[in-house]
Amino acid sequence: MANKLIVAPAPHVQSAQSTASIMRDVIVALMPALVVSTVVFGMDVLRVVALSVAACVAFEYLIQRFLVRGPLTVSNGSAAVTGVLLAFNLPASIPWWIVVIGAFVAIAIGKMTFGGLGKNPFNPALVGRVFLLIAYPVQMTSFPMPVNGAFDALSGATPLAAIKHGAAADVVGVQELLLGNMPGSLGEVAALALLAGFAYLLWRRVIRWHVPVTVLATMAVFAFVYALGKGMTGAALWQLPLFHVLAGGAILGAVFMATDYSTSPMTVCGGVIFAAGIGVITMLIRLWGAYPEGMSFAILIMNACVPLINKYVKPKRFGVK
């Protein structure tokens, strides 16, 4: 694969205007999933999202105003995007004070500790989410059922948790996975809406397809090989890979978090290596780890590998053989 530079520059070298435009596009791309999640779980979704966004914006403003002296960048929308993404990783029933704690960790530790936008090595929303998952595992894994009372087969467990406890991969049909009629975090229940957001970001040239497609393709291939190794035949050979691609935070993480400019490699080839690592680690955790979902951990682990990838996967200098 040609070792080409990714076209979109990192946020820290972009103008405030272009950064704000990108953040607006990301928020617009997340709106279909927000609508679906609100239909599935009710008005609690808007409560969680609004509180998360408000807390992230407030913490970034206060830190820049009183601790990290310099120009205020809170108006560029990056804190709002962090707030939405953090909310999408939370259940609709989460207590308000846990949302505020998650927002503080995401902004104060995941972002501003390293100097702010473009300097953070880890995705801030995922830093907040993983902290909350470790600190408050009960609240973070207590998922409400859809407001219409549908999917009784799961009894409040997410599809990935059901599979983890021995249910068949077809416990949830493709239609439910695509339309979101199941328990889960806000961003886990609307695969089709997230894919619509992916298409919008591609159309707006905010991201490129290499990282999201490689993450999901790696997961699908891994699941297919696993199914073969387990002796599965027939429909199970495609049901298991399709399930792992559509269920949980796979699409949300691959499209909206793994593509973060400041935490992903600078080259297309490096991005593919980065994405393949995310896919493999996610499947290792899902199939053999203690948690049913592994996307957040996988992205953070590969975020830590980005400097190494950038060091060894460099574009060829013009005129040098």
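Everything discussed here concerns the structure shown above.
A. Summary view of the overall build of the protein. Along the protein, the regular secondary structure elements total 14 helices and zero strands. With 321 residues in all, the protein has 52% of them scored as buried. Considering only contacts within the protein whose residues lie at least 6 apart along the sequence, 75% involve residues at least 24 apart. Carbon and sulfur atoms make up 69% of the accessible area of the protein, which amounts to about 14,200 Å² in all.

B. Representation of helix H4 (residues 96-109) within the structure. Its 14 residues give H4 an end-to-end C-alpha distance of 20 Å, which sits within 8% of 20 Å, the value for a rise of 1.5 Å per residue. Buried-residue contacts for H4 involve helix H2 (44-66), helix H3 (78-88), helix H5 (124-135) and helix H6 (137-140).

C. Quick peek at the side chain of His244. One can find His244 in helix H11 (residues 236-246). Beyond its immediate stretch of four places on either side in the chain, His244 contacts Leu160, Met219, Ala223, Ala250, Met283, Arg286 and Leu287.

D. Quick look at the packing of H4 against H5. H5 packs onto H4 with a crossing angle of 130° between their chain directions and a minimal axis gap of 7 Å. One element, H4, and the other, H5, form an angle in the oblique class. Helix-helix and strand crossings are classified by hand; for H4 and H5 the assignment is right-handed. Across the interface between the two elements, Ile98, Ile101, Gly102, Val105 and Ala106 from H4 touch Pro124, Ala125, Val127, Gly128, Phe131 and Leu132 from H5. When the residues that make up the contact of H4 with H5 are grouped by side-chain class, the tally is nine nonpolar, two polar and no charged.

E. Representation of H5 within the structure. For H5, built from twelve residues, the straight-helix expectation of 16 Å at 1.5 Å per residue is met to within 8% by its first-to-last C-alpha distance of 17 Å. Burial analysis of H5 places nine of its twelve residues in the buried class, the great majority of the element. Considered for burial, the residues of H5 that qualify are Pro124, Ala125, Leu126, Val127, Gly128, Arg129, Val130, Leu132 and Leu133. Its buried side turned inward, H5 meets H3, H4, H6, helix H12 (250-257) and helix H14 (295-312). Where H5 begins, the side chain of Asn123 points an oxygen toward the backbone nitrogen of Ala125, at a separation of 3.1 Å.

F. Structural view of the pattern of salt bridges. Tallying each qualifying case throughout the model produces four salt bridges. Across the pair Asp25 and Arg204 runs a salt bridge whose closest N-O atoms are separated by 3.1 Å. In this pair, Asp25 is assigned in helix H1 (residues 16-41) and Arg204 in the loop between helix H9 (191-203) and helix H10 (210-229), connecting sequence segments 179 residues apart. Given a relative accessible area of 7%, Asp25 falls into the buried group. Its relative accessible area of 38% is what places Arg204 among the partly exposed residues. A salt bridge links Lys111 to Glu60, with the shortest nitrogen-to-oxygen separation between them at 2.8 Å. Here Lys111 is found in the loop between H4 and H5, whereas its partner Glu60 is found in helix H2, with 51 residues between them in sequence. Exposure class is identical for Lys111 and Glu60. Each is buried.

The rules we used
Sequence order as written defines the numbering, with residues in each chain counted from 1. Restriction of local features to residues with pLDDT of at least 70 applies here, the model being predicted, together with a cutoff of 80 or more for giving and counting side-chain atom pairs; totals for whole chains, interfaces and linings are based on all residues. With hydrogens and water excluded, all non-hydrogen atoms of the structure serve as input to the side-chain values. Here a helix means four or more residues in a row that DSSP labels H or I, a strand means two or more in a row labelled E, and each is numbered from the N terminus. Each residue is assigned to one of three classes by its accessible area relative to the maximum for its type, calculated with a 1.4 Å probe on protein chains only: buried under 20%, partly exposed between the two thresholds, exposed over 50%. Any two residues having at least one pair of non-hydrogen atoms within 4.5 Å are treated as being in contact. Areas reported here follow the Shrake-Rupley algorithm with a probe of radius 1.4 Å; residue values treat only the protein chains shown as occluding. To estimate how far a helix should reach, multiply one less than its number of residues by 1.5 Å. For every element, the axis is a line fit to its C-alpha atoms; helices are fit only across the contacting stretch, and the angle between N-to-C directions ranges from 0 to 180 degrees. When an angle is under 35 degrees it counts as roughly parallel; over 145 it counts as roughly antiparallel; between 65 and 115 it counts as roughly perpendicular; any other value is oblique. In this scheme the handedness of a crossing depends on how the near helix is turned from the far one: anticlockwise by less than a right angle means left-handed, clockwise means right-handed. Each residue gets one of three labels, nonpolar for Ala, Val, Leu, Ile, Met, Phe, Trp, Tyr, Cys and Pro, charged for Asp, Glu, Lys and Arg, and polar for the others, Gly among them. We define a polar contact as two N or O atoms separated by no more than 3.5 Å, with the added condition that, inside protein, one atom must be a possible hydrogen donor and the other a possible acceptor, whereas residues neighbouring each other in sequence contribute only through side-chain atom pairs. Any Lys or Arg side-chain nitrogen found within 4 Å of a carboxyl oxygen on Asp or Glu counts as a salt bridge.

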